[in-house]
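Report on the structure
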Amino acid sequence: MKRRTFLLAGLGAGGALFLGWALMPPRQRLRGRHAPDTSPGEVALNGWLTIAADDTVTIVSPKAEMGQGIHTALAMLVAEELDCDWARVRITHAPVDRIYNNIAAIVDGLPFHADLDDNTLVRGVRWLTAKTMREVGVNMTGGSSSVRDVWEVAREAGATARAALLAAGAATAKVDVSACRTERGVVICGERRWRYGELAASALSQQPSRVTLKRPEAFTLIGTPTARLDSRDKVHGAPLFGLDVALPKQVYAAVLMPPTLGSHPVTFAREAARQRPGVRAVVQLEGSRYGDPPGVAVIADHWWQAKQALSALDVQWSASPYTALSTPGIMATLRMAAASGDGLPFRSYGEAVDTVTASARVIEATYEAPYLAHATMEPMNATVLVHDDRAEVWTGTQVPGFARAAAAMALGLDEERITLHQRLLGGGFGRRLEADYVAQAAAIAKALPGVPVQTIWSREDDLRHDFYRPAAVSRMRAGLDSAGRVTGIVSHSASQAPFKALSRRVGIVYTTRGPDKTTAEGTWDQPYEFPALRAAHAEVELPVPVGSWRAVGHSHQGFFFETFVDELAHAAQQDPLAFRLALLARHPRAAAVLRTAADRSGWSTPPAPAPDGRNVARGLALHWSFGTLVAQVAEVSLAANGQIRVHRVVSAVDCGVVVNLRGVAQQVESSVIYGLSAALYGEVAIDAGRVRPGNFDTYRPLRFDECPVIETHVVPSAEVPSGIGEPALPPVAPAVGNALFALTGTRLRTLPLRMPSGGGAA
């Protein structure tokens, strides 16, 4: 018997069914179980758009808008193919439904290097993962995946609706559909014209089975610099965010959470707090698997009343089991794990360890990064109204399905009995991938059924009860031959596993096991062509709660890796730009991005002095994350007291086809500012089990007067769109650090970047 025949026979009925299912195309994403909500006179032509009698086109967005501009980008994709009047476009949030599952985030999160995309096995795994995520995935906004995820389906939704409207117009005119065309929200059949709103109802019976999408050269909206749909409302202070919810009879809750990791309330003065002005109830909280800690909440007529009443509780907390836990000990543990070299290799080829050891010259360095908080401008909040057998939740979340499930668990209700009203997010950065604050708010609101209760965290709550970016340590070794060429690189890092930890809390079962790609991304997945490479990571279990932070592993591994590449260029006595370009012969996109950043920054000419006459130096970094290539050049000076000043950051970006040019520039600027805040100041310290930063005086973001000039240059590309919300963050820290080395001769290998005492410009 032939081996193939034997294998097929051995599959059995179940295996054959699975194989047949795996080979079938993924199910459609245009129509779900739950149609979008519509008003009288409004028609849902599919799950992604509705058209009203007055021609208003409402785009249904499953993606959370947290300042990254996805609502505008998604609307542009639909409107491009729908050929509607952009002035009539509006946006609304999607219901919870499988058609909105984020397929791209999970597929792109598979631990495969992009160079392997043509590999048959890799393509098969990606295909099967995409099919599976369509059925059992999660509606998630994260991983810089939003545009990539909806790139085709949003355009299909617009094109399908346009085809249905054309067919409805042709049927009304009694002509062949080929005799009709559309123009800015109007169907034209010869001399007759109908507005989309007039044809929407009849278009429901004219659903086409297949449509042809526009080619890029035919785009009229995609690729243009387009104003954000939400700009006017934000400027006017419209009630868009979770904190803006103001329902009739609404009351407010403030929460007292443990001062140390692992503590819980033992006793508290319930009646003393209950006697304070405006107080409605005092609620003891047990915490839940979503990560919300045990504590005590006070509900009052106004939030400040609730906050002030917390002081009357006189809570006695249990002893923390982690009083010996402090930052120095944590970093020592991570250094030991990084030095061990026995972590899981994410990519290994060319016998890198032996190759490096046998090289003419060996370069070694160890890099470190601290815990970081998300520090969203809008602190955690949710409003919950509990009815007899159902509940409503108003909040901003990156995972609406999990937020709904968290509320259901806290209230003991079926998920279908929870109505989630999605709001805009005043910052996400991965923090609102969690559902702890929703579970907590629901548990609090349970004490006052029939009354909407808005739970609001203070800034101190927000910073001290976060799910932090993990602290990390990386030990790097590389070999150089006698001509200064890299022979191989060995990278071994250690940290907690952020996405695996998040997955356990919210219940993403398929990512709770196996390797956590986010721990080591930014090392093994870069475009450099080394003769040999071994990039491994050791997962370390620590009691500090961790989660996904903007750019996740890339945010610190990018600093480690690009600083080390710069060290290799210096050891080889080569220009940092030329050294990198020599390693990119088979990656022309990366080389083009690098050259663009260098050319636009004036890399080949000395930088001008700072306004006060101080010397300025440039540093270069390149990074590949979320499918996007970003190169940055930072211009940096140093004051006599060692204060670092970044004057200019020039970014070159290849993110595939650009949907909104203005949106790309805004996201690059956002990433640079957020990245500089972390690079220069960001640090969450643990002291005897306590999180030390409490507000922006001790967890310092970049100030207005410290913001550099930021230039963004988009490299034209015909590739499918890739991420832009995060990829410009990883190169910021190494570009600044490399500039400081060029300026002072001092190499900084620990974040945040701080010059040694007495450090000054060389």
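Now for a quick tour of the structure.

Looking at the overall build of the protein
The number of helices and strands found in the protein is 21 helices and 27 strands. Since a compact globule built from 762 residues should have a radius of gyration of about 27 Å, the 27 Å found for the protein is in line with a globular shape. Principal axes of the C-alpha set define a box for the protein whose edges measure 80 × 75 × 70 Å. Here the protein holds 762 residues, and 58% of them are scored as buried. Of the contacts formed within the protein by residues at least 6 apart in sequence, a portion of 76% connects residues at least 24 apart. By element, 54% of the accessible surface of the protein is carried by carbon and sulfur atoms, the whole surface being about 30800 Å².

What about the sheet that holds strand β24 (residues 644-654)?
Across the sheet, four strands lie side by side as β22-β23-β24-β27; this open sheet has mixed pairing. At either margin of the open sheet sits one strand with a lone partner, and together these are β22 (617-625) and β27 (709-714). This sheet shows a mean twist of 15° between the axes of neighbouring strands, independent of strand direction. Judged from the nine bridges that link them, β22 and strand β23 (residues 628-638) form a sheet pairing that is antiparallel. In the sheet register, A621 faces β23, and the bridge partner there is Q632.

Some details on the packing of aromatic side chains
One pass over the full model with this rule turns up twelve aromatic pairs. Aromatic pair Y367 and F560: ring centres 6.1 Å apart, planes at 25°, arrangement stacked. Of the two residues, Y367 is situated in strand β14 (residues 361-369) and F560 in helix α17 (residues 554-571); the sequence distance between them amounts to 193 residues. For Y367, a relative accessible area of 0% translates into the label buried. Ring geometry for F530 and F561: centres 6.2 Å apart, planes at 70°, overall edge-to-face. One end of the pair, F530, is in the loop between α16 (517-520) and β21 (533-539); the other, F561, is in helix α17, and 31 residues separate them in sequence. An identical accessibility class is assigned to F530 and F561; each is buried. The side chain of R155 reaches across the aromatic face of W151, ending 4.4 Å from its centre. R700 extends its terminal NZ or CZ atom over the ring of Y681, reaching a point 4.2 Å from the ring centre.

Observations regarding the packing of helix α2 (residues 70-82) against helix α5 (residues 146-173)
Direction vectors running N to C along α2 and α5 enclose 35°, while the axes themselves pass 7 Å from each other. Of the two possible hands of crossing, α2 and α5 adopt the one that is right-handed. Across the interface between the two elements, I70, A73, L74, L77, V78, E81 and L82 of α2 pack against S146, V147, V150, W151, A154, R155, G158, A159, A161, R162 and L165 of α5.

Digging into the pattern of salt bridges
In total, this model carries 43 salt bridges according to the counting rule given. One salt bridge in this structure joins R692 and D687, with 3.2 Å as the shortest N-O distance. A relative accessible area of 44% places R692 in the partly exposed class. Look at D687 and you get partly exposed, because its relative accessible area is 34%.

As for the nonpolar core
By size, the foremost hydrophobic cluster in this structure holds 75 residues, and its most contacted members are I489, F564, I644, V736, L740 and L753. When residues in this core are grouped by element, the largest group, eight residues, is from α17.

Observations concerning the packing of α5 against helix α6 (residues 196-203)
Axis separation between α5 and α6 bottoms out at 9 Å; the angle between their running directions is 90°. As far as their axial angle goes, α6 and α5 are roughly perpendicular. The segment α5 lies against α6, with R162, A164, L165, A168, G169 and T172 engaging Y196, L199, A200, S202 and A203. A class-by-class count of the residues in the contact of α5 with α6 yields seven nonpolar, three polar and one charged.

Focus on the side chain of R505
Residue position: R505 is located in helix α15 (residues 498-506). Among the polar contacts made by the side chain of R505, one reaches the side chain of E434 at a distance of 2.6 Å. Residues within four places of R505 in sequence aside, it is in contact with R289, Y290, G291, E434, F467, V546 and G547.

Some remarks on the state of the cysteines
A complete count under the given rule lists one disulfide for this structure. C180 shares a disulfide with C189; S-S distance 2.1 Å. The disulfide joining C180 to C189 has a torsion of about 110° about its S-S bond and is therefore right-handed. Accessibility expressed as a relative area gives 7% for C189, which makes it buried.

Re the environment of F346
With respect to the helices and strands, F346 occurs in strand β13 (residues 344-349). What makes F346 buried here is its relative accessible area of 15%. Residues F346 and Q68, 278 residues apart in the sequence, show an inter-C-alpha distance of 30 Å. When sequence neighbours within four positions are dropped, the list of residues in contact with F346 reads P111, P515, D516, K517, T519, A520, W524, A535, A536 and H537.

Considerations on the environment of G278
Looking at the element boundaries, G278 is found in the loop between α8 (270-274) and β10 (279-285). Classification of G278 by relative accessible area gives partly exposed; the value is 22%. Sequence separation between G278 and T376 is 98 residues, and the spatial gap between their C-alpha atoms is 29 Å.

Observations regarding the environment of A442
Looking at where A442 falls in the secondary structure, it is placed in helix α13 (residues 436-445). Between the C-alpha atoms of A442 and M409, which are 33 residues apart in sequence, the distance is 8.9 Å. Once residues within four sequence positions are removed from consideration, A442 is found in contact with V384, A407, A410 and L411.

Criteria and cut-off values
- Residues numbered from 1 in each chain as written.
- Predicted model: local features only at pLDDT ≥ 70, side-chain atom pairs only at ≥ 80, totals over all residues.
- Heavy atoms only, no water.
- Helix = DSSP H or I, 4+ residues; strand = E, 2+ residues; numbered from the N terminus.
- Rg over C-alpha atoms; globule rule 2.2 N^0.38 Å.
- Buried < 20%, exposed > 50% of the residue type's maximum accessible area, 1.4 Å probe, protein only.
- Contact = heavy atoms within 4.5 Å.
- Areas by Shrake-Rupley, 256 points an atom, 1.4 Å probe, with all protein chains shown as cover.
- Pairing = 2+ DSSP bridges.
- Axes fitted to C-alpha atoms, helices over the stretch in contact; angles between N-to-C directions.
- Phe/Tyr/Trp six-rings, centres within 6.5 Å; stacked < 30°, edge-to-face > 60°.
- Lys NZ or Arg CZ within 6 Å of the ring centre and 35° of its normal.
- Left-handed = near helix turned anticlockwise from the far one by under 90°.
- Salt bridge = Lys/Arg side-chain N within 4 Å of Asp/Glu carboxyl O.
- Core = buried A, V, L, I, M, F, W, Y, C linked by side-chain atoms within 4.5 Å.
- Parallel < 35°, antiparallel > 145°, perpendicular 65-115°, else oblique.
- Nonpolar A, V, L, I, M, F, W, Y, C, P; charged D, E, K, R; others polar.
- Polar contact = N/O pair within 3.5 Å; in protein donor to acceptor, adjacent residues only side chain to side chain.
- Disulfide = S-S within 2.5 Å.

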